[in-house]
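Analysis of the macromolecular model
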Amino acid sequence: VRAAQPQRSVATVLYSKQFKQLARRQQQQRRNLSIGPGHYKQRLVILGSGWGGYGLLRGIDKRRWDVTVISPNTYFNFTPLLASTAVGTLEFRTAIEPVRRYAPDIRYYQAWCDEVDFKNKVLTCMPATRPTNSSATHSGEYTRCDLQKPFSISYDKLVIAVGAYSQTFNVPGVKEHAHFLKDVKDARRIRSRILECFEQASQPFLSDLERRNLLHFCIVGGGPTGVEFAAELHDLLHTDIARHYDKSIVRLAKITMYDVAPNILGMFDANLRKYTEKTLSREGIKILTSHHVDKVEPGKLHVREQGEVPFGMLVWSTGLAPNPLVQSLTDTKKDPKTSSIITNDHLNLIMSNGEPNPDVWTIGDAARIDTAPLPATAQVASQKAKYLVRKLNKLANDEEHKAPFEFHNQGSLAYIGNWKAIYDRSGGNEKDDRFMSKETGRVAWLLWRSAYFTMTLSWRNKILVPTYWFLNWIFGRDITRF
Ligand code: FAD
């Protein structure tokens, strides 16, 4: 009897643990449905898990709102660190945050929103999960078709934060033969291709010309993304690649940056642009401004001013194109130049009749305020998200929020290689310009690193990011190709 007693008590403990878990789950579900007798939570649907959508998700009061997130990405991309992950200065995990971190306080569907019916407040979505074939399912109950069925979601309030796509200007062959750098998956493909080029070029039977072509890395677009990628690639070539590959091969590697504009980094101050061009050229990066790429074929570019230019890898970064969902919205006011959705200064979407929609807000790269066009940056998207957090949390408490959105320019930063960066805050308003307004070199590089370390969202990444910076500084980048 005595021997059986401890077993009984273990069973009792397990039972009571299960019971507590069940009670907690039920409590959670009750909390998800209502916040008090007769007071139901309103349904807030957030489209997108980028700087806008994820920023809102982090701050929104989940006890007061019934939150649903719809995004094809199960994670948030910390875009300023993507160029670093594409060459191994940082690992991929350091640049993402999972959306499900906030579940079960929120609902999440890995899906695309394809249609918005503003009148009936209904969204039509399509799963973004890969269709599983029927043999992989348990009972044959689900077929490939069932798993890809569109579904509808109703909302009380909607936030559209679907961002934008990469602009190709319809140049033939870009989508098929170039790499983009928008997502951590793109960064992974780029990293793999760089290392593949070096392995291919190391084969014994290749001529020097073939090697030179394979090791020609082209970047089209001289904006901050193109420049930062070129700088990170230069660092990789001059450190870890130079250390581990044959010198006769490494000396053939070349980076060329093309832009149709007469200057790179158009949004930066003229002196900072000159400094960057000089620094990059001194490091051996060829900058070809006022050059037009007319066509891309496998392994070669057609440049109007040069003719055929062979390459091993091409990264295309020439700005933003509208998201197809944004393009499909016909009853909203759009910016004629960028096709982004026009909002008022409370970020409410403006319908085509000129009236703001009180239940729909649009933030991030998909939106533009009618009175004050702002750049399409993470800084703007995240400030708009914070503004909406305040507004919606007040709304949930039946309080008024009258203040319009105001942007505070914290300046622009770009890494330009070899532990140097540029910092520009000259375009800000006087209130924001108390601190330094322009900086270059190591000081700017320190600012760059501290800014992105501070902006890193989770404690996990606040530990991982400096750890990888330190480890790679001591031991070098990981140049394994999977
Ligand atoms: P995104 O962050 O692009 O997020 C859009 C989200 O919507 C994604 O989760 C996407 O999957 C989802 N989505 C798309 N279509 C649908 C749909 N139909 N239904 C549902 N969800 C959908 N800005 C800076 O300020 N500083 C920087 O240093 C900087 N560096 C950058 C580096 C790179 C490599 C890149 C690409 C951008 C950089 N930016 C930077 C710009 C910045 O990342 C963007 O301005 C910012 O991501 C915009 O935020 P967003 O929420 O509008 O869009």
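What you are looking at is a predicted structure, and each value in this text was computed from that prediction instead of being measured.

**As for the site of the ligand**
Taken together, 28 residues lie near the ligand, and Gly52, Thr79, Asp365, Ala378 and Tyr452 sit nearest. Contact between the ligand and Ala161: an oxygen atom at 3.5 Å from a main-chain N or O atom of the residue. Measuring from an oxygen atom of the ligand, one finds a backbone N or O atom of Ala376 at 3.3 Å. The protein chains hide 87% of the 1000 Å² of surface that the ligand would expose on its own. Within the residue set of the shell around the ligand, elements represented by two or more residues are helix 2 (51-59), strand 4 (65-71), strand 7 (107-117) and helix 11 (378-396). In terms of residues, the shell around the ligand owes the most to one element, helix 11, which gives 3 residues.

**Side note on the pattern of salt bridges**
Across all of its chains, the model carries 20 salt bridges by this definition. A salt bridge links Asp208 to Arg211, with the shortest nitrogen-to-oxygen separation between them at 3.7 Å. A residue pair is termed a helical-turn pair when its members lie 3 or 4 positions apart in one helix, as Asp208 and Arg211 do in helix 6 (residues 208-214) at 3 residues. When its relative accessible area of 36% is taken as the criterion, Asp208 is described as partly exposed. Relative accessible area serves as the criterion here: at 13%, Arg211 is assigned to the buried category. Salt bridges linked by common partners bring Lys295, Glu297, Lys300 and Glu308 together as one network.

**Re helix 9 (residues 270-282)**
Spanning 13 residues, helix 9 covers 18 Å between terminal C-alpha atoms, matching the ideal 18 Å at 1.5 Å per step. For helix 9, every residue scored as buried is listed here: Leu272, Arg273, Thr276, Thr279 and Leu280. Seen along its axis, helix 9 keeps its buried residues to an arc of 135°; they face one direction. Set apart from the buried face of helix 9 by more than 90 degrees, the exposed residues are Asn271, Lys274, Lys278 and Arg282. Structurally, the start of helix 9 carries an N-cap: the backbone nitrogen of Asn271 is 2.9 Å from a side-chain oxygen of Asp269. Remark: Gly284 follows helix 9 within two positions and exhibits a positive phi of approximately 95°.

Calculation rules
Residues numbered from 1 in each chain as written. Predicted model: local features only at pLDDT ≥ 70, side-chain atom pairs only at ≥ 80, totals over all residues. Heavy atoms only, no water. Near = heavy atom within 4 Å. Polar contact = N/O pair within 3.5 Å; in protein donor to acceptor, adjacent residues only side chain to side chain. Areas by Shrake-Rupley, 256 points an atom, 1.4 Å probe, with all protein chains shown as cover. Helix = DSSP H or I, 4+ residues; strand = E, 2+ residues; numbered from the N terminus. Salt bridge = Lys/Arg side-chain N within 4 Å of Asp/Glu carboxyl O. Buried < 20%, exposed > 50% of the residue type's maximum accessible area, 1.4 Å probe, protein only. Expected span 1.5 Å × (residues − 1). Arc of directions from axis to C-beta.

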